[in-house]
Structure formats: structure tokens, C-alpha cells
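Observations on the model geometry
For reference, the chains in residue letters:
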Amino acid sequence: MVTFCVLVAPLPYTVKKNVFSFLSESKIVAKIAYGLKISFIFVAILFADAVQRMFRVTAESDMAKHRQGVVQDIRTDTGIAARKFYAQRNVYLTGFCLFLSLVLTRTFYIILDLLHTQEEYIKLKASKAPATKDQASEIAALKKELAEARAKVRDYDILKKQAAQNHAEYDRLATELNELSGNKSDKRRD
């Protein structure tokens, strides 16, 4: 429980990074973790034995309760109740130990992933720092070319608009001239 509390304690980033990098890279900690894994195998065996013993003691307790006509001794009942209590206690202790080992392992790796993600974020944030002189000059040249291209597009649009207006005015004047001079054009217009 203390280890879990230390893992999830709100420590500053640099302290947490140093602690977790030590825990994940140290050979001594790796050997200790290997030994703990072996011990958890034994705890799993003890858990299976405790569950089997709990079922056996519960079955004996049920058989003792259902015996009719036999005078029961209070010491026998107390002994059965104590054995049942110890069997249940062993199941809970070993089961909680196994569950806590899984929680600790998963929490450790989640926090380690979080630290790696934060490192990547810091690297990406640092890479968006001001550009070098070559990049800055290239960016300035590209911005200048973009402004020139936009000016050309704007000039072409103005030229197209003027050409359309000149064409419309020419058509209007030609129609007016034809009407005044009495010439009929056999061209049909839309």
C-alpha cells in the first residue's frame, strides 16, 4: 500500500522522472522485481491452497450443522469456526496481495508511459522554437512569392472585369448605332 501511495503521489515532474527512470533502468531494482515475481508465484500457489482449504472447512462446518441427534461440543464448534475464519482470512490476504501486485505493476507502467509522453510533448514544444536563419530567409522568400502571386491573381481578375465591361459597352454602342443608322443585324444575341 505504501508503494502504491508513493507511485501515485503528486510529485514534481523532474522528481517523478528521476525516480521512475531509476526504477525502470536500475539493474538492482530489476533483480528485486524478478525476485518479487517469483514470490508472487508462491503467493498464487498459497492462494489456491487457501481457497481449497476454505471450501473444505466450509463443507465440514455445513456437515457439522446438519448432524441431527448428535450432541455437539462447544469446543468443536469453536474450533470449526476458528478454522473457517483462518481459512477465509488466508484467502483474503493472498488474494489481496495478488490483486495489489497487478495494480502496482499496471500503475507503474501507466505512469512510465505518461512520463514518456510528457517528454515527447516537451521535445515537440521545443522543436517549434524560432527557426534558424536559413529557414527564416526561406520563409520570407516564400511569403514574398505568395504576395506576388496574389497580386497577379488580383490584377488578372481586374483585367477580366474590365474586359467584360468593355465588351458590354461595345455591344450597347453597336446596338445603338445600328438602331440610329437603320441597319439591321442578322446576328442573334442571347
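The paragraphs below set out a description of the structure included in this document.

What counts and what doesn't
Residues numbered from 1 in each chain as written. Predicted model: local features only at pLDDT ≥ 70, side-chain atom pairs only at ≥ 80, totals over all residues. Heavy atoms only, no water. Helix = DSSP H or I, 4+ residues; strand = E, 2+ residues; numbered from the N terminus. Rg over C-alpha atoms; globule rule 2.2 N^0.38 Å. Contact = heavy atoms within 4.5 Å. Areas by Shrake-Rupley, 256 points an atom, 1.4 Å probe, with all protein chains shown as cover. 1 Å grid on protein atoms, 1.4 Å probe; cavity = no way out; pocket = protein on both sides within 12 Å on 5 of 7 lines; lining within 4 Å. Points joined across faces, edges and corners; volume = space filled by probe spheres on them. Nonpolar A, V, L, I, M, F, W, Y, C, P; charged D, E, K, R; others polar. Phe/Tyr/Trp six-rings, centres within 6.5 Å; stacked < 30°, edge-to-face > 60°. Buried < 20%, exposed > 50% of the residue type's maximum accessible area, 1.4 Å probe, protein only. Core = buried A, V, L, I, M, F, W, Y, C linked by side-chain atoms within 4.5 Å. Salt bridge = Lys/Arg side-chain N within 4 Å of Asp/Glu carboxyl O. Disulfide = S-S within 2.5 Å. Patch = residues over 30% accessible without salt bridge, like charges linked within 9 Å, V, L, I, M, F, W, Y side chains within 5 Å.

Let us now look at the overall build of the protein. Per the secondary structure count, the protein includes 5 helices and 0 strands. Taken over the C-alpha trace, the protein has a radius of gyration of 44 Å; the compact-globule value for 190 residues is 16 Å, which it surpasses by more than 25%. Overall, the protein is about 140 × 55 × 25 Å in size when its C-alpha atoms are taken along their principal axes. By sequence separation, contacts in the protein at least 24 residues apart represent 78% of the contacts at least 6 residues apart. For the protein, the accessible surface area stands at approximately 16200 Å², while carbon and sulfur atoms represent 64% of it.

Roughly 880 Å³ of volume is contained in the largest pocket. Looking at the largest pocket, it is lined by 25 residues, and the ones nearest its centre are A33, L36, L104, T105 and F108. Listing elements by their share of the lining of the largest pocket, those giving two or more residues are α1 (2–8), α2 (13–25), α3 (27–66) and α4 (74–127). If one sorts the elements of the lining of the largest pocket by residue count, α3 sits on top with 8 residues. Grouping the constituent residues of the lining of the largest pocket by class yields 19 nonpolar, 5 polar and 1 charged.

On to the packing of aromatic side chains. By the definition in use, this model includes 3 aromatic pairs. Relative to Y109, the ring of F108 has its centre 5.4 Å away and its plane inclined at 75 degrees; by these criteria the two rings are edge-to-face. Judged by its relative accessible area of 16%, F108 falls in the buried class. Within the aromatic cluster, the residues linked to one another by ring pairs are F20, F108 and Y109.

In this structure, L7, F20, L100, L104, F108, I111, L112 and L115 together form the largest nonpolar core, which totals 8 residues. A total of 6 residues in this core trace back to one element, the largest contributor, which is α4. When sequence neighbours within four positions are dropped, the list of residues in contact with L112 reads F20 and S24.

For the rest of this paragraph, the subject is the pattern of salt bridges. Evaluation of the coordinates by the stated rule reveals 5 salt bridges. When the shortest N-O distance is used, the salt bridge between E60 and R83 registers 2.0 Å. Of this pair, E60 sits in helix α3 while R83 sits in helix α4; the two residues are 23 residues apart in sequence, bridging distant segments of the chain. On the basis of relative accessible area, R83 is assigned to the partly exposed category, the value being 40%. Among the ionic pairs, E169 bridges to R172, the shortest N-O distance being 2.4 Å. With E169 and R172 both in helix α5 (residues 133–181) and 3 residues apart, this pair spans about one turn of that helix. E169 sits in the partly exposed class, given a relative accessible area of 34%. Salt bridges here are not isolated pairs; linked through shared partners, they connect E169, R172 and E176.

Moving on to the state of the cysteines. For the structure shown, the criterion picks out 0 disulfides. Distance from the sulfur of C5, which forms no disulfide, to the nearest cysteine sulfur (C97) is 16 Å. For C5, a relative accessible area of 47% puts it in the partly exposed group. Assessed through its relative accessible area of 29%, C97 is described here as partly exposed.

A cluster of nonpolar side chains, namely L11, V15, V19, F22 and L23, defines an oily patch on the protein surface of about 380 Å² accessible area. By secondary structure assignment, the location of V19 is in helix α2. Overall, the relative accessible area of 35% leaves V19 in the partly exposed class.

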